[in-house]
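Residue-level structural notes
Residues per chain are reported as follows:
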Amino acid sequence: MGQFLVFAATDNSELNQRIAFLARGKNILVNIIDNAELSDFTVPAVVNRGELLLTAASGSNLPALSKNIRKKLESDFGIEYRLLLDIMSEKRKAIIEDIDSIELRKLIFREIASADFLTKIRKIIVDYNPQILSNSNYQPNDSEYQLIKKEIEKAISQLIERKKFHNEEL
């Protein structure tokens, strides 16, 4: 099978340029790590939190800035986002089916996505194991992840019941 992309990332600029020349001769897209003008594409800095994908790019003008932004995104968008989106991939359809009122559904979804609710998720995680949030490289094992997920699911269910009750009072 042929190649589609090539990354030339040696510490030798002449070799990187030669790789670009050879790749183009075979209609292969190439990224030259030290020369944006010779590159066919750039690669953004990436933060992945399950279904949440965040990227930063500087148009190859200052890759160090993209790297700094990626580090900030990693610290600002922790595992709580992964957990929340993992849960919502399972619950969203049921919420839509169970709640007839479009306005109430919107209210519930906005509340679940709010900074306050994400703070609540972080508190659930810290109460279970503070190391999960304090160490950006920490990956909870499957049983930890499932236990935390169940607590967050419970908080979501409570939020939904409160909103439904409040809506009925109106």
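Here we summarise the structure given alongside this text. (Residues numbered from 1 in each chain as written. Predicted model: local features only at pLDDT ≥ 70, side-chain atom pairs only at ≥ 80, totals over all residues. Heavy atoms only, no water.)

Along the backbone of the protein chain there are seven helices and four strands. The order of helices and strands in the protein chain, counted from the N terminus, is β-α-β-β-β-α-α-α-α-α-α. With the C-alpha coordinates aligned to their principal axes, the bounding extent of the protein chain is approximately 70 × 35 × 30 Å. Buried positions account for 33% of the 170 residues belonging to the protein chain. Within the protein chain, counting contacts between residues at least 6 apart in sequence, those at least 24 apart form 50% of the total. Here the protein chain has roughly 11,400 Å² of accessible surface; of this, 53% comes from carbon and sulfur atoms. (Helix = DSSP H or I, 4+ residues; strand = E, 2+ residues; numbered from the N terminus. Buried < 20%, exposed > 50% of the residue type's maximum accessible area, 1.4 Å probe, protein only. Contact = heavy atoms within 4.5 Å. Areas by Shrake-Rupley, 256 points an atom, 1.4 Å probe, with all protein chains shown as cover.)

Interaxial distance between helix α3 (residues 79–98) and helix α5 (residues 115–128) falls to 10 Å at its minimum, and their mutual angle equals 105°. Classified by the angle their axes make, α3 and α5 are roughly perpendicular. Counted together, Ile79, Glu80, Tyr81, Leu83 and Leu84 of α3 and Phe117, Leu118, Ile121, Arg122 and Ile125 of α5 form the full contact between these two elements. Here the residues of the contact of α3 with α5 sort into eight nonpolar, no polar and two charged. (Axes fitted to C-alpha atoms, helices over the stretch in contact; angles between N-to-C directions. Parallel < 35°, antiparallel > 145°, perpendicular 65-115°, else oblique. Nonpolar A, V, L, I, M, F, W, Y, C, P; charged D, E, K, R; others polar.)

What follows concerns the side chain of Asn129. Its place among the elements puts Asn129 in the loop between α5 and α6 (131–134). The buried category is assigned to Asn129, whose relative accessible area is 15%. A distance of 3.0 Å separates a polar atom in the side chain of Asn129 from the backbone nitrogen of Gln131. In this view, Asn129 contacts Tyr138 and Glu144; residues no more than four positions away in its chain are not counted. (Polar contact = N/O pair within 3.5 Å; in protein donor to acceptor, adjacent residues only side chain to side chain.)

Moving on to helix α2 (residues 63–76). The end-to-end C-alpha separation of α2 is 20 Å, in line with the 20 Å expected for 14 residues at 1.5 Å each. Inspection of α2 places Ser66, Arg70 and Leu73 among the buried residues, and these make up the whole buried set. Projected down its long axis, α2 carries its buried residues within an arc of 65°, all on one side. Seen from the open side of α2, the exposed residues pointing more than 90 degrees away from its buried face are Lys72 and Ser75. The inward-facing, buried residues of α2 abut β3 (45–49) and β4 (52–56). (Expected span 1.5 Å × (residues − 1). Arc of directions from axis to C-beta.)

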